[in-house]
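# Observations on the model geometry
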Amino acid sequence: MNYRSSPLTKGKNILLVEDSPTQALGTKAMLEECGLNVVCAINGVMGIRLAYQMIPDVIILDVQMPDINGFEVCQELKSDPETEKIPIIMLTRQDTPEAFQQGIEVGAIDFIPKDAFAMVVLRETLRQMGIIEEPLTAEDKE
Amino acid sequence: MSTNEKFVIRNSMDIMTARMEVRDIARRSGMNLTDQAVISMSVYVLANALGLGKHGVPEGKFQIESCKNGFRYGLKVRCQQEGPMITQPCLSTFEKLVDHIDVQSNNPEEQEVILTIWSKS
């Protein structure tokens, strides 16, 4: 399927690359609640393939994956003009400054530790990036 | 845009809130997405390096202020904490993350860590 030529709905398209089905389901549910269209890839290779097909508005990328890791996926996508502009947010258990630095060096625009607050931070980051629309205020509605 | 915002970190939820607020401050200051990530992650890493939010560790007082140097602008993160001095290995982990790091101490019981990040946009 060519996602680029047939966007599913009006919402922004997110590619979620996560090898853990449990975590993928939880993250997908949260993103869909925010009105986003989510397509999941279960490994890095599938993630790269879908990134070219979809050209999503954002990629949310797990770092630790069995085939190629998130840093390699990010590097691959950032080295191609077709995909280099897609913002990539990394989700990881490795919350060391070294891992974060590596993420920034390969072109990620955020690095969110997988702690108890990961989903809150991810949602707020997407809101600040304008991917999730801010709720209308009473003033806006008038 | 001039910024001077303060917050206190007492628990892990405060760290999360601080992280998001700092990112928003960086965004409103005109910093690009990477700089926003660097500064918000620096707050997270610094808070964890100082053990903030853990049982028995004194609270940390953060202050975020805008700074200028000629045409460059950036943000300074100041963290004051009463407690043991931050160690050299901890400090060296920041060297690649931020543009400048400074530790000041008026007495052995209190320290101030200052991180500076210049806008790359």
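Just so we're clear, the structure is a prediction, and the values are computed from it rather than from any experiment. (Residues numbered from 1 in each chain as written. Chains lettered and ligands numbered in written order. Predicted model: local features only at pLDDT ≥ 70, side-chain atom pairs only at ≥ 80, totals over all residues.)

### Description of the overall build of chain B
Note the following rule: Strands here are runs of E lasting at least two residues and helices are runs of H or I lasting at least four, both read from the DSSP assignment and numbered beginning at the N terminus. Taken over C-alpha atoms, the radius of gyration is set against a globule rule of 2.2 Å times the number of residues to the power 0.38. Backbone-placed C-beta atoms define the burial measure: a residue is buried with 20 or more other C-beta atoms within 10 Å of its own, exposed with 12 or fewer, and partly exposed in between.
Broken down by element type, chain B carries three helices and five strands. Shown N-terminal to C-terminal, the secondary structure of chain B runs as helices and strands in the order β-α-α-β-β-α-β-β. Its C-alpha atoms give chain B a radius of gyration of 14 Å, near enough to 14 Å, the size a compact globule of 121 residues would have. Along the first, second and third principal axes, the C-alpha set of chain B runs to 40 × 25 × 25 Å. Considering chain B as a whole, with its 121 residues, one finds that 34% of them fall into the buried category.

### Focus: the sheet that holds strand S2 (residues 60-69) of chain B
All names here are of chain B. How we decide: For two strands to be treated as a pair, DSSP must find no fewer than two bridges joining them. Interaxial angles span 0 to 180 degrees and are taken between N-to-C directions of axes, which are lines fitted to C-alpha atoms, for helices over the stretch in contact. Here, residues touch in the contact sense if the C-beta positions derived from the backbone fall within 7 Å of one another.
Read across the open sheet, the five strands follow the order S1-S2-S3-S5-S4; overall the sheet is antiparallel. In this open sheet, the two strands that pair with only one neighbour each are strand S1 (4-9) and strand S4 (100-107). Neighbour-to-neighbour, the strand axes of the sheet open up by a mean angle of 20 degrees, direction not taken into account. This element, helix H1 (residues 12-28), spans S1, S2 and strand S3 (72-82) of the sheet and lies at about 165 degrees to S1. The strands touched by helix H2 (residues 33-49) within the sheet are S1, S2, S3 and strand S5 (110-118), with S5 carrying the most contacts at an inclination of about 165 degrees.

### Focus on the nonpolar core
So the rule is basically this: Nonpolar core, as used here: buried Ala, Val, Leu, Ile, Met, Phe, Trp, Tyr and Cys residues forming one set through C-beta atoms within 7 Å.
Within the largest apolar cluster, 67 residues are counted, with the highest numbers of intra-cluster contacts made by A:Leu15, A:Leu61, A:Ile88, A:Ile89, A:Met90, B:Val43 and B:Ala47. Examining the composition of this core, we find that nine residues originate from one element, H2(B), more than from any other. Excluding residues that lie within four positions of it along the chain, B:Val43 makes contacts with B:Ala18, B:Arg19, B:Val22, B:Phe62 and B:Val77.

### What about the interface of chain B and chain A?
Using the following cut-off: Gly is placed with the polar residues, together with every amino acid not listed as nonpolar (Ala, Val, Leu, Ile, Met, Phe, Trp, Tyr, Cys and Pro) or charged (Asp, Glu, Lys and Arg).
Taken together, the contact pairs 16 residues of chain B with 14 residues of chain A. Among the elements of the structure, H1, H2 and helix H3 (88-94) of chain B are those that each provide at least two residues to the side of chain B that touches chain A. Taken together, the residues of the side of chain B that touches chain A break down into nine nonpolar, two polar and five charged.

### Observations concerning the sheet that holds strand S5 (residues 110-113) of chain A
Residue and element names in this part refer to chain A. Read from one edge to the other, the open sheet built from five strands follows the order S2-S1-S3-S4-S5, with strand pairing classed as parallel. Pairing within the sheet leaves two strands with one partner each, and these edge strands are strand S2 (37-41) and S5. On average, each strand axis in the sheet is tilted by 20 degrees relative to the strand beside it, whichever way the strands run. Taken together, the four bridges between strand S1 (residues 13-17) and strand S3 (residues 58-62) define a ladder with parallel strand orientation. Pairing of Leu16 across the sheet is with Ile60, part of S3. Against the sheet, helix H1 (residues 21-33) makes contact with S1, S2 and S3, and its axis sits at roughly 165 degrees relative to S2, the strand it touches most.

### Quick notes on the environment of A:Cys40
With respect to the helices and strands, the residue A:Cys40 is situated in strand S2. The contacts of A:Cys40, once residues within four sequence positions are left out, are A:Leu16, A:Glu18, A:Ala24 and A:Lys28.

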